[in-house]
Amino acid sequence: MRNIPGIQAILKDPAGAVIGLDFDGTLAPIVPDPAAARIHPQAGAVLAELGRYVGAVAIVTGRPAATALELGPGLADVPGLVVLGHYGFERWENGRISAPPPPPGVPRAAAELPLLLDSLGLRGVTIEDKGRAVAAHTRRSPDPDGYLAVLREPLAKLAEKHGLVVEPGRMVLELRPPGMDKGHALGLFLAERAARSVMFAGDDLGDLAAFDAVDASGLPGVKVCSGSAEVTALAERADLVVDGPEGVVALLRELCDSLQPG
C-alpha cells in the first residue's frame, strides 16, 4: 500500500487529504432489499478514527443523505463528515441537510413506473422511491440480468419524457435529474476544501465519474475499487482493488494505523 504515490502523499500530509467513499457496495454490502442494507459493523469506528487525522471524510452516494446516515450507525459521529447525497444534489453536514427543491420529473416518473413494469410483464422488480430519484431493482426478480436488459430502452424513454437521465448500477437502473454526478460532486468538494491529496473508493459504474475527478484534480490520488464479480470496469481503472466492503474497511484501518503517532 505504501508504494502508491497517492498513499504516500496522504501519510505525509493527512491534514490535506480528502477521503471519499461510496456507500452501497463500498461501506455497506449489497443486499437484495436496499432498505435492509447496513454499513460494515466496523466502518463507523474506523471512519471516526480516520476523521481525526485527515482533512475531510466525504460519503458520495446516490442515496438520500439521511438514508445513508440511518443505514450507517456511527457515521454521524465521524469528525467533520460530509454526506453528499443524491450524487451531490443534497448535502448533510453538522446535523443539517441542504438541497434545492425536488425536480418535478421524479414523482411523475415514479407514478408511471409501476404501470410500465406491468405493461412489460415484469414481476419481482423492486421500485425504490428516493424522493429526488426513483430506481428499479431487478436483483429479486426471476431473471435479474434479463429483466435489466428489457428495461433499459423503456426506462430511457421514460427518463427523457420527464427530463431525467438513467444511472445504471448493479442490477438497478435509476432515473435521476441531470447536471450532477459523483465526479462533479467530488471535484467541487476537493476545490472547496483546498485538498492536497485524495482517495476515493467505489464499486459501481456511477463511481467511474469520481475516478475521473480524482484524475482530473491533478492531486496525488488513489482510486480504490471495492471489488465484485458483478462490475469489472472499476477494477480496470483502480490503483487498488480490495475485496468488497470488508476489504475497504481493512484498507481504512491500515491507513489509520499508519497515521497514528509513534
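See above for the structure.
Below is a short write-up of the structure. Because the structure is predicted, anything quoted here is derived from the model rather than measured.

**A few points about the overall build of the protein**
Each helix and strand in the protein was counted, giving nine helices and twelve strands. For 262 residues, the compact-globule estimate of 2.2 N^0.38 gives 18 Å, and the C-alpha radius of gyration of the protein, at 18 Å, lies within 12% of that figure. Across its three principal directions, the C-alpha atoms of the protein cover 65 × 35 × 30 Å. Of the contacts formed within the protein by residues at least 6 apart in sequence, a portion of 63% connects residues at least 24 apart. A total accessible area of about 11100 Å² is found for the protein, and carbon and sulfur atoms account for 53% of it. The protein carries 24 positive and 33 negative side-chain charges, and their two centres are separated by 3 Å.

**Considering the sheet that holds strand E3 (residues 82–85)**
Strand pairing in a sheet relies on backbone hydrogen bonds, with the paired strands running either antiparallel or parallel. Strand order across the open sheet formed by eight strands is E5-E4-E3-E2-E1-E10-E11-E12, with mixed pairing between neighbours. The outermost strands of the open sheet, each flanked by one partner alone, are strand E5 (96–98) and strand E12 (240–242). Recorded for the sheet is a direction-independent mean angle of 20 degrees between the axes of neighbouring strands. Alignment of strand E1 (residues 17–21) against strand E10 (residues 197–202), held across five bridges, turns out to be parallel.

**A word on the packing of helix H6 (residues 182–192) against helix H7 (residues 208–217)**
Close contact between H6 and H7 brings their axes to 7 Å; oriented N to C, the two are set at 35 degrees. Judged by the sense of rotation from one axis to the other, the crossing of H6 with H7 is right-handed. Each of Lys182, Gly183, Leu186, Gly187 and Leu190 in H6 lies in contact with H7, whose residues at this interface are Ala209, Ala210, Ala213, Val214 and Ser217. The residue makeup of the contact of H6 with H7, split by class, is six nonpolar, three polar and one charged.

**Let's talk about H7**
Turning to H7, its buried residues are Ala209, Ala210, Phe211, Ala213 and Val214. Close packing links the buried residues of H7 with H6, E10, strand E11 (221–226) and helix H8 (233–237). One or two positions beyond H7, positive phi appears at Gly218, with a value near 75 degrees.

**As for helix H2 (residues 43–50)**
For H2, the tally of buried residues reaches seven of eight residues, placing the bulk of the element in the interior. Those residues of H2 that fall on the buried side of the exposure criterion are Ala43, Gly44, Val46, Leu47, Ala48, Glu49 and Leu50. Those residues of H2 that are buried lie in contact with E1, strand E2 (56–60) and helix H9 (244–259).

**Remarks on the packing of aromatic side chains**
When we look at a pair of aromatic rings, we describe it by the centre distance and by the angle of the planes. Counting across every chain of the model gives zero aromatic pairs. In this structure, Arg176 packs its charged tip against the face of Tyr87, placed 4.3 Å from the ring centre.

**Considering the pairing of strand E6 (residues 126–129)**
Only one face of E6 is covered, namely the one carrying Thr126 and Glu128; the face carrying Ile127 and Asp129 has none of its residues buried. As defined by bridge partners, E6 adjoins strand E7 (residues 134–137) across four bridges and the pair is classed as antiparallel. Note that in E7 the partner of Ile127 across the bridge is Ala136. Adjacent in sequence and paired antiparallel, E6 and E7 are bridged by four residues, among which Gly131 carries a positive phi angle near 85 degrees.

**Considerations on the packing of helix H4 (residues 105–120) against helix H5 (residues 144–161)**
Orientation of H4 relative to H5, taken along the N-to-C sense of each, is 150 degrees, at an axis distance of 11 Å. Compared by their axis directions, H4 and H5 come out roughly antiparallel. Between H4 and H5 lies a crossing whose hand is right-handed. Contacts from Ala109, Glu112, Leu113, Leu116, Leu117 and Leu120 in H4 reach Leu151, Pro154, Leu155, Leu158 and Lys161 in H5. Per-class residue counts for the contact of H4 with H5 are nine nonpolar, no polar and two charged.

Cut-offs and rules
Residues numbered from 1 in each chain as written. Predicted model: local features only at pLDDT ≥ 70, side-chain atom pairs only at ≥ 80, totals over all residues. Heavy atoms only, no water. Helix = DSSP H or I, 4+ residues; strand = E, 2+ residues; numbered from the N terminus. Rg over C-alpha atoms; globule rule 2.2 N^0.38 Å. Contact = heavy atoms within 4.5 Å. Areas by Shrake-Rupley, 256 points an atom, 1.4 Å probe, with all protein chains shown as cover. Lys, Arg positive; Asp, Glu negative; His and termini not counted. Charge placed at Lys NZ, Arg CZ, Asp CG, Glu CD. Pairing = 2+ DSSP bridges. Axes fitted to C-alpha atoms, helices over the stretch in contact; angles between N-to-C directions. Left-handed = near helix turned anticlockwise from the far one by under 90°. Nonpolar A, V, L, I, M, F, W, Y, C, P; charged D, E, K, R; others polar. Buried < 20%, exposed > 50% of the residue type's maximum accessible area, 1.4 Å probe, protein only. Phe/Tyr/Trp six-rings, centres within 6.5 Å; stacked < 30°, edge-to-face > 60°. Lys NZ or Arg CZ within 6 Å of the ring centre and 35° of its normal. Parallel < 35°, antiparallel > 145°, perpendicular 65-115°, else oblique.

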